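Summary of the model geometry
What follows is the residue order along each chain.
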Amino acid sequence: MPFWTISGLFRGNASTKWGVRDGDDGQEGVLGMPRFNPAHCLTDCTVCAESCPTEAITMAPNGEAGIAIDYGKCVACQLCVEACPTDALTTSHDWAFGVRHREDLHWVSEPTPDHATHKTPSGFFRSLHVRHVDAGSCNGCESELQALNNPFYNLHRLGVFFTASPRFADVLLVTGPVTHAMRGPLLAAYEAMPEPRWVMAIGTCAVAGGTAGGGEFCANGLEGILPVDLYLPGCPPNPAAIIEAFMLLLARKQQRVKGGQYAG
Amino acid sequence: MEEKPYPVRKMTAKLVSISDKTNHAPQSDVMVAADADAQMDVPPKPGAFGETEGGQPNVVSCRIDDILPALQQECSNGGRLEMLYVRPKSGSAFELCYLVNHAESGRFVMIVSEAMDVAPSMARHFPLLGWYEREIQDLFGIKFADHPEPYPLVRHDHKDGRKPLSHDPDVQRFPFGPIRADVVESAEFAFYYAGEAILHYHPHLFFKHRGMERRFEGLTPQTGVIFAERVSGIGSFAHALAFAQACEVASGCVVPQRAKMLRSLLGELERIYNHLAYLGHLADTTTLKVGQAEGKLLAERAKQINGKLTGSRFLRSVIAPGGLRRDLELKAWFELDLDRLRGQAEWYTNFLLASNSFRDRLLTTGPLDQRTAYDQGATGPIARASGIDRDLRRDHSYAAYDTLTVPVPVRQKGDADARFRVRIEELFASFDMVKALFRRLEKGPVLSSYTQEAYAEGLGWAESPRGSLFYAVHFGPEGRLQHVKIKSPSFSNWRVFPFTVQDSNMMDYAINEASFGLSIAGCDR
């Protein structure tokens, strides 16, 4: 059927240049985590914490004023932004929330400069083979992971490949809050991987449980189950955010979030 | 003698049968009751499920022994069972709720019966209830007496007592999953096969059961929407819509017309990106790689339109009980982008239809006959590809579908090709509807005031890209959610799917599965 080939040649390359050099990341208009501006925050106000469905926003522990935000639990539902009577919480397009340390997802007023010494072990700067395990996600994350291989993002151009066998994998990419039924298969996949190996928690569920974590059937993400090398909250994180997370793991990009804030 | 494994074809209903006539199966004149001596002496007691307005079901209470005759009566009048759910009451008492859909007359009937400890199983008469009863057994500890497949469905914490089907050395057993190749959802499939021929197949699902229905307990309806959006990501909008509509019925809230139109419009946008991704995936399984790339690229473009319009590629955070959380600005770019996407989709589907190597793999693959589809509860494009002419958007109109012509493509053959063709026709019908809504969109408010009374209840539904989706919502004190039941389309279609795999061959399996376009998170919840 030559018509596929001919029309394909005629229409040219559909891939974005983004990720290697400047280009369209494809996320125009996509909302990310709400931004917090403590200057506008009212002292006795609790509406944002009450509106938050996943307890990402809590009142600061006793004695302190204001709120505590854990972006690892945020599902970017924007309910807090709508509830906030001032502009303390505003919508943003900050979706590239991949971090190496869980603490970086907790909002602090003055982020300390990086734990910058973290380096990916030698030999893994260019290419990665990834084994994905769905540990109970809502399939939003799967939909975005599948999108990585569409011609627009074309993940192969960056040297990242999904592999069928954990024996060939460098990275275990986990989505979902880890249901009890999936815990065994997940650990088996991890055990089957050769060392060195890394674990990525993709999506708010895998980072901290999200809307599904806890309860009778689920754990609260990978915490206490596997050692995590990279956390990427988001519900679901968009394909560009996942690509940034891969690049961060490979030390090909800088981490953008420190102390729960976007460095820009 | 070995225990019979699930599913067993012989077990299909003796009760319902349907005609080959296209419109609105089944025709009541061809219904034959297996237990003809069962008398229909149920005194129907009309009640209210929330308000009876807005197409809400009539509630018929009956004694536990009268469930069967009551269901038989409803189904002989052209009704079809949609779902069964249970509401725990005090102590060991509980309430069984059977939802019957009378598509022809556009109404629902809810048959409600109270019981203690043990309930009678209806699965022998209405096979599609088999999974509902097993799920209730697992999650609520309620026993269904004389169940034809008395195995656990949802729980994985104990062995289910089934023995291997065969020890014949020529028959190979192939357990596949729960972690499978490529980026897919988790589920385990057991194949028994000899050479290429599949002798027996059953899916082992619910690895992903998160107990989402229980998560709603104690939430406000506003927060509940956020949870509904996260039951099945690729059905986020339909889930949020069905949930919000259930809440609105329970509170008697009337949604402004502009919000209704935008809801329909967004619902069709969800169908567009899902169907395009479906086509790409189907092309992948037939190893038509260019077709795969193109389909996935178009799905990506549709998702980017979603993101630009609503801030979410999955159309999340838009719906609130009472309307929409904020108004959407549909500017000229939207129509332009959508027209461009439609043009590309036309070009793409024409190429697919002209690719003989692709079509050859679909024709006669995984045929699902009309009767099996009907008895086992197929829904959405799967049912419509097997000659069952049902669509909630037309039969039980919601949002702004009453102002639209909703084309319902139906095919008779029931093979992968029919499922593929139905989806293509639906895709372009969705483009048409979005365009019509965009042109006619009225100015006005998008959110009406919404307060939730205590102890109200409501049923909400939506025709998601995968079929009929229901939310039964019961409120407790202070207007907080007390009990929520989600009937997702994939729960229905996973039940049907194995019937098309038995006696087929390994080579066609992936194509057949892709042609169903099932979601596992939606099924497992």
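Residues numbered from 1 in each chain as written. Chains lettered and ligands numbered in written order. Predicted model: local features only at pLDDT ≥ 70, side-chain atom pairs only at ≥ 80, totals over all residues. Heavy atoms only, no water.

1. Focus on the overall build of chain A
When its secondary structure is counted, chain A shows 7 helices and 11 strands. Relative to the 2.2 N^0.38 estimate, which gives 18 Å for 264 residues, the radius of gyration of chain A is 19 Å and therefore close to what a compact globule would have. For chain A, the proportion of its 264 residues judged to be buried stands at 58%. For chain A, the share of sequence-separated contacts (at least 6 apart) that also reach a separation of at least 24 residues comes to 78%. (Helix = DSSP H or I, 4+ residues; strand = E, 2+ residues; numbered from the N terminus. Rg over C-alpha atoms; globule rule 2.2 N^0.38 Å. Buried < 20%, exposed > 50% of the residue type's maximum accessible area, 1.4 Å probe, protein only. Contact = heavy atoms within 4.5 Å.)

2. Things to note about the overall build of chain B
From N to C terminus, chain B includes 16 helices and 14 strands. Counting over 525 residues, chain B shows a buried share of 66%. A fraction of 70% describes how many contacts in chain B between residues 6 or more apart in sequence connect residues 24 or more apart. Put simply, chain B shows about 18,200 Å² of open surface, and 51% of that area lies on carbon and sulfur atoms. (Areas by Shrake-Rupley, 256 points an atom, 1.4 Å probe, with all protein chains shown as cover.)

3. Describing the pairing of strand β12 (residues 457-464) of chain B
Residues and elements named next belong to chain B. The buried fraction of β12 is high, at 7 of 8 residues. In the sheet, β12 pairs with strand β13 (residues 467-475) via 8 bridges, with the strands oriented antiparallel. Along β13, the bridge assignment pairs A462 with L469. Two successive antiparallel strands, β12 and β13, enclose a turn made up of 2 residues. (Pairing = 2+ DSSP bridges.)

4. Remarks on the pattern of salt bridges
Any two side chains of opposite charge can pair, so long as their charged atoms come close to each other. All names here are of chain B. Inspection of the entire model under this criterion finds 51 salt bridges over all chains. In this structure, E426 and R384 form a salt bridge, with 2.8 Å as the shortest nitrogen-oxygen distance. You can see E426 sitting in helix α13 (residues 416-440) and its partner R384 sitting in helix α11 (residues 380-385), a full 42 residues away along the chain. Judged by relative accessible area, E426 falls into the buried class, the value being 2%. Residue R384 is classed as buried on the basis of its relative accessible area of 0%. Across the salt bridge formed by R393 and D391, the nearest N and O atoms sit 2.8 Å from each other. You'll find R393 and D391 in the same group, each marked buried. When salt bridges with common partners are traced through the structure, they connect E268, R271, R384, D391, R393, E426 and E463 into a single cluster. (Salt bridge = Lys/Arg side-chain N within 4 Å of Asp/Glu carboxyl O.)

5. Quick look at the sheet that holds β12(B)
All names here are of chain B. Across the sheet, which stays open at both edges, the 3 strands sit in the order β12-β13-β14 with antiparallel pairing between neighbours. The strands lining the two open edges of the sheet, one partner per strand, are β12 and β14 (481-487). In this sheet, neighbouring strand axes are inclined to one another by 15° on average, regardless of whether the strands run parallel or antiparallel. Where β13 lies against β14, 6 bridges are found, and the strand directions are antiparallel. Paired with Y471 across the strands is I486, a residue of β14. (Axes fitted to C-alpha atoms, helices over the stretch in contact; angles between N-to-C directions.)

6. What about the environment of B:D369?
All names here are of chain B. Here D369 lies in the loop between α9 (356-362) and α10 (370-376). We classify D369 as partly exposed; its relative accessible area is 38%. For D369 and P69, which are 300 residues apart along the polypeptide, the C-alpha to C-alpha distance reads 27 Å.

7. With respect to unusual backbone geometry
Cis geometry marks the peptide bond from A:E195 to A:P196; its omega dihedral reads 0°. In this fold, A:P196 is placed in the loop between α5 (180-192) and β8 (198-202). A cis geometry characterises the amide bond from A:C235 onward to A:P236, with omega recorded as -15°. Secondary-structure assignment places A:P236 in the loop between β9 (230-232) and α7 (239-249). Even without being a glycine, B:S317 presents a positive backbone phi close to 60°. As for its placement among the helices and strands, B:S317 is situated in the loop between α7 (289-310) and β10 (319-320). A relative accessible area of 6% places B:S317 in the buried class.

8. Examining the environment of B:L459
In this fold, B:L459 is placed in strand β12. The spacing of B:L459 and B:G322 is 137 residues in sequence and 15 Å in space, taken between C-alpha atoms.

9. Concerning the interface of chain A and chain B
On the chain B side, the residues contacting the 59 residues of chain A number 59 residues. Both faces considered, chain A and chain B share a buried interface measuring about 4,700 Å² in area, 60% of it formed by carbon and sulfur atoms. Counting across the interface, chain A meets chain B through 7 salt bridges. With a shortest N-O distance of 2.6 Å, B:R313 and A:E144 are connected by a salt bridge. Remark: the boundary between chain A and chain B carries 31 residue pairs in polar contact (both at pLDDT 80 or more). Of all the secondary-structure elements, those providing two or more residues to the side of chain A that touches chain B are α1 (2-11), α3 (79-83), β5 (128-134), α4 (140-147) and α5 of chain A. (Buried area = accessible area lost by both parts, 1.4 Å probe. Polar contact = N/O pair within 3.5 Å; in protein donor to acceptor, adjacent residues only side chain to side chain.)

10. Quick word on the packing of helix α6 (residues 257-285) of chain B against α7(B)
Residue and element names in this part refer to chain B. Across the interface, α6 lies against α7 with an axial gap of 7 Å and an inter-helix angle of 160°. In terms of axis orientation, α6 runs roughly antiparallel to α7. Where α6 crosses over α7, the two elements pack in a sense that is left-handed. Judged by residue contacts, L266, L269, I272, Y273, L276, A277, G280, H281, A283 and D284 of α6 engage K289, G291, Q292, G295, K296, L298, A299, A302, K303, N306, L309 and T310 from α7. (Parallel < 35°, antiparallel > 145°, perpendicular 65-115°, else oblique. Left-handed = near helix turned anticlockwise from the far one by under 90°.)

11. Section: the sheet that holds strand β7 (residues 171-175) of chain A
Paired through their backbone hydrogen bonds, the strands of a sheet run either parallel or antiparallel. Residues and elements named next belong to chain A. Strands sit in the order β6-β5-β7-β8-β9 across an open sheet of 5 strands; the sheet is parallel. A strand with exactly one partner marks an edge of an open sheet, and here the two such strands are β6 (160-162) and β9. Within this sheet the neighbouring strands show an average axis-to-axis angle of 25°, counted without direction. In this sheet, β9 lies alongside β8 in parallel orientation, the contact comprising 3 bridges. Looking across to β9, one finds that M200 is bridged to L230. Where α4 meets the sheet, its contacts fall on β5, β6, β7 and β8, and the angle it forms with β7 comes to roughly 140°. Packing of α7 onto the sheet brings it into contact with β5, β6, β7, β8 and β9, and relative to β9 it is tilted by some 165°.

12. Side note on the confidence of the model for chain B
Chain-level pLDDT for chain B is 83 on average; 88% of the residues reach the 70-or-more range. Confidence estimates for the predicted assembly give a pTM of 0.88 and an ipTM of 0.91. (pLDDT = per-residue confidence, 0-100.)

13. Notes on the packing of aromatic side chains
Evaluated as defined, the whole model comprises 39 aromatic pairs over all chains. Consider the rings of A:F97 and A:Y262, whose centres lie 6.0 Å apart with planes at 15°: the pair is stacked. Taken together, the positions of A:F97 in the loop between β4 (89-90) and β5 and A:Y262 in strand β11 (residues 261-262) put the pair 165 residues apart, joining distant regions of the chain. Members of the aromatic cluster, joined through ring pairs, are B:F174, B:F176, B:F189, B:F191, B:Y193, B:Y201, B:W494, B:F497, B:Y509 and B:F516. (Phe/Tyr/Trp six-rings, centres within 6.5 Å; stacked < 30°, edge-to-face > 60°.)

14. Details of the state of the cysteines
Going through the model one piece at a time under the given rule, you end up with 0 disulfides over all chains. Sulfur of B:C75: no disulfide; nearest cysteine sulfur belongs to B:C62 and is 13 Å away. Using a relative accessible area of 3% as the deciding quantity, one classes B:C75 as buried. No disulfide involves B:C523; its sulfur sits 15 Å from the nearest other cysteine sulfur, which is in A:C138. On the accessibility criterion, B:C523 (0% relative accessible area) is buried. (Disulfide = S-S within 2.5 Å.)

15. Some words on the side chain of B:S488
Structurally, B:S488 is set in the loop between β14 and α14 (489-496). In this structure, B:S488 is in contact with B:H239, B:S468, B:L469, B:G522 and B:C523, ignoring residues within four places of it in sequence.

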